[in-house]
Amino acid sequence: MSGVQPENSMGRGGKAVCALLLATSMFALLRPTALHAQETELRGEVSESAILSDQQRKARQLALAAQGQQPANAAQDNAPARTYLPASAGAVPDDADTGDATATGSLFDPPAATDDTSADTAAPPKPRRRSSSARQNAADQAKDRAADKSKKKKKSTADTSDITASTTASTTDATDAAETDADTANRRALTIDSADRQKLDPGAERTDAIEGQKKKLEDDPFAATGIKWGSFVIRPTIEQGLTATSNGDSSSAGKSALLSETALRFSAASDWRENSATIDGYGLFRETVSGYPVHDEQGRIEGQLNVDLDNELRAIAKLGYEAVPESASSPDAIAGVSKQPLRQTIDGSLAVEKHLGKMQYTLTGAVSHDFYGDAKLSDGTSLSQKDQDSTLYTATLRTGYEISPALTPFTEIEVGRRTYDQRIDNEGFERSSTRLGARAGLALDMGEKLSGEFSAGWLREAIDDKNLDAISGATVNADLKWSPERGTIIGLTGRTTVEPTTTSGESGDILYSGRLTGERQIRANLTANAALGLDWRDYIGIDGHDRVLSAEAGLTWWLNRYAGLTTRVRTEKLTSNLPGRDYTANSIFLGVKVQR
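Now for a quick tour of the structure. Think of each chain on its own: its residues are numbered from 1, step by step along the sequence as written. Restriction of local features to residues with pLDDT of at least 70 applies here, the model being predicted, together with a cutoff of 80 or more for giving and counting side-chain atom pairs; totals for whole chains, interfaces and linings are based on all residues. To get the side-chain values, all heavy atoms of the structure are used, and hydrogens and water are removed first.

Next up on the list: the overall build of the protein. Under the DSSP-based scheme used, a helix requires at least four consecutive residues in state H or I and a strand at least two consecutive residues in state E, with every element numbered from the N terminus. Per the secondary structure count, the protein includes five helices and 22 strands. Note on contacts: a residue pair is in contact if any heavy atoms of the two residues lie within 4.5 Å. Across the protein, the fraction of contacts at a sequence separation of at least 24, relative to all contacts at a separation of at least 6, is 56%. Just so you have it, the protein exposes about 39,400 Å², and 57% of that area is on carbon and sulfur atoms. Residue exposure ignores everything except the shown protein chains as possible cover, and the areas themselves are Shrake-Rupley values with a 1.4 Å probe.

Right, here's the structure in full:
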């Protein structure tokens, strides 16, 4: 029995040791560890408020730790920690930059060691491998640490105050850093479209709708808008009124009359991309209401087509038709008739323009055919005028040189032939003739300020019948428009016309016509116009001439874009050295004008 007791005593002692080891292991497992030692990944978004509160909490902890430190503890804390040096090379990874701190500045870096009692012992720094020079420096520093400790203890009192001041400054810096980091930290909390989903400023001014914006003012708010017809825009105008005149037919025998006057005008222009076409026309009807009998109808229509054929090559085609009764003041007017013969004209031309550098060439071919109706005599019979039917063929070569875009001088050479349908007229004369002319002029193009051209030259038309003199003389042609200011247009036109005749023993005459016109837009709906005219007719073969002076002034007041009131006053006087041709005519017109 006595041999068994020691064995039982050792068995109980072994169980006690086992129980003590188990309790120690459990205590070690239940011991709390630092949060930064847990290797966990981020999950989900972290709000900026949580980051800011965490930074503020750490700042308060630093301030409290600085206030509660003792001089001895401060001295100990100032002593540098001993660096771990591995025994063998390659035990830890190489660190090329030995001077960089281990902290990266991230929110999730391990916190620095503090005296906070709630926190456990700070984790030792991560061992790193040093170079040989670094290890030698560490050994030298270890020898001097003992001497430095005594010196640092003497300065602990002064260091404590410095630490307190530096801690306060670091607390302020930490707060400022927290406010700065709040703007840039935690970018993972932002979504892809965060920049686009910004809140609207309720105080911002609202943009007006497109329909409510101000429209651009029109240059002419009372201009005709036109009617769209296919690829053309047509602008028709009708004018109806009464004319009171002192000479119904502008003749030496004319008397006063009250006439009903109707004028129809229209213009059409294409809206093609490259080429262009225009059509213009008018019709004038005058009928006696009371007084001297007048029955007058006339009109004209003409079209123009512009086609770009090739580089700097252009073709221009024109075609027109006109029907006008012979004027009572014409040299070919027949006396003692109830109605003058109707003269009809069909004309056309084709021109080709070519630009070679600054040189400009234009070749134009034209044809004009006149045919006359019968004259109605007072006794009811008619008198044929077939011997006046004729056709004029002309060819004109124009050469110009562009000195500048605004000035282009030019010269023209014209050749032609006039042929009569009746080779020998009723008086036994051969009226056909050959035409030759030359002109020189200047073309102007200064935009809206000044544009047009003028020329002067000489024209000769030799008649086949040797008994008749050739019609020759100087020629003057002009078509200028000048705008001294906006809303005012001054125009000057001049024309030289050869007028053949079938009067026995006479060759014909040359008519010089000139017009000076002015138009002024007084208001947007009120337009004034005026014109001065001078005609000079020089008879060939006899010593005779006619002079016609005319003046006109008018007003147009638009009630709206489509209708207006118009009036004009006109005077005309013909003075001649030939008997029975003088007359004077004064008239006034008042009517309504409608346009579309």
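What follows concerns the sheet that holds strand β10 (residues 375-377). Pairing in this open sheet of three strands is antiparallel, and the strands run β7-β10-β11 from one edge to the other. Looking at the sheet topology across the chains shown, the edges are occupied by β7 (337-339) and β11 (382-383). At least two DSSP bridges between two strands are needed for those strands to be called paired.

A separate point is the environment of Asp421. Within the element layout of this structure, Asp421 appears in the loop between β13 (407-420) and β14 (433-445). In this structure, the C-alpha to C-alpha distance between Asp421 and Lys386, residues 35 residues apart in sequence, is 8.1 Å.

The next subject is the nonpolar core. As used in this record, nonpolar core signifies buried Ala, Val, Leu, Ile, Met, Phe, Trp, Tyr and Cys residues forming a set joined through side-chain atoms within 4.5 Å. Throughout this description, buried means an accessible area under 20% of the type-specific maximum (1.4 Å probe, protein chains only), exposed means over 50%, and partly exposed covers the range between. Of all hydrophobic cores here, the largest spans five residues; its members are Leu459, Ile471, Val498, Ile510 and Ile540. When neighbours within four sequence positions are excluded, Val498 is seen to be in contact with Arg418, Arg435, Leu459, Glu461, Ile471 and Asp509.

Right, let's get into the packing of aromatic side chains. When the centres of two rings from Phe, Tyr and Trp lie within 6.5 Å, Trp using its six-membered ring, the rings pair. Their planes under 30 degrees apart give stacked, over 60 give edge-to-face, and anything left gives tilted. As enumerated under the stated definition, the model contains one aromatic pair in all. Ring centres 5.7 Å apart and planes at 75° place the aromatic pair Phe232 and Trp272 in the edge-to-face group. A residue pair is termed long-range when its members are at least 10 positions apart, and Phe232 in strand β2 (residues 232-245) and Trp272 in the loop between β3 (257-270) and β4 (276-291) qualify at 40 residues. Two conditions define a charge located above a ring, namely a distance within 6 Å from the ring centre to NZ of Lys or CZ of Arg, and an angle within 35 degrees of the ring normal. We note Arg398 situated over the ring of Phe410; from NZ or CZ to the ring centre the distance is 3.6 Å. One residue, Arg568, lies across the ring of Phe589, its end atom 4.1 Å from the ring centre.

With that settled, consider the pairing of strand β15 (residues 450-463). In this sheet, β15 lies alongside β14 in antiparallel orientation, the contact comprising 13 bridges. Along β15, the bridge assignment pairs Arg439 with Gly457. Two successive antiparallel strands, β14 and β15, enclose a turn made up of four residues, where Gly447 displays a positive phi of approximately 75°. Both β15 and strand β16 (residues 471-482) contribute to a ladder of 12 bridges, which runs antiparallel. Note on β16: the bridge partner recorded for Leu459 is Gly473.

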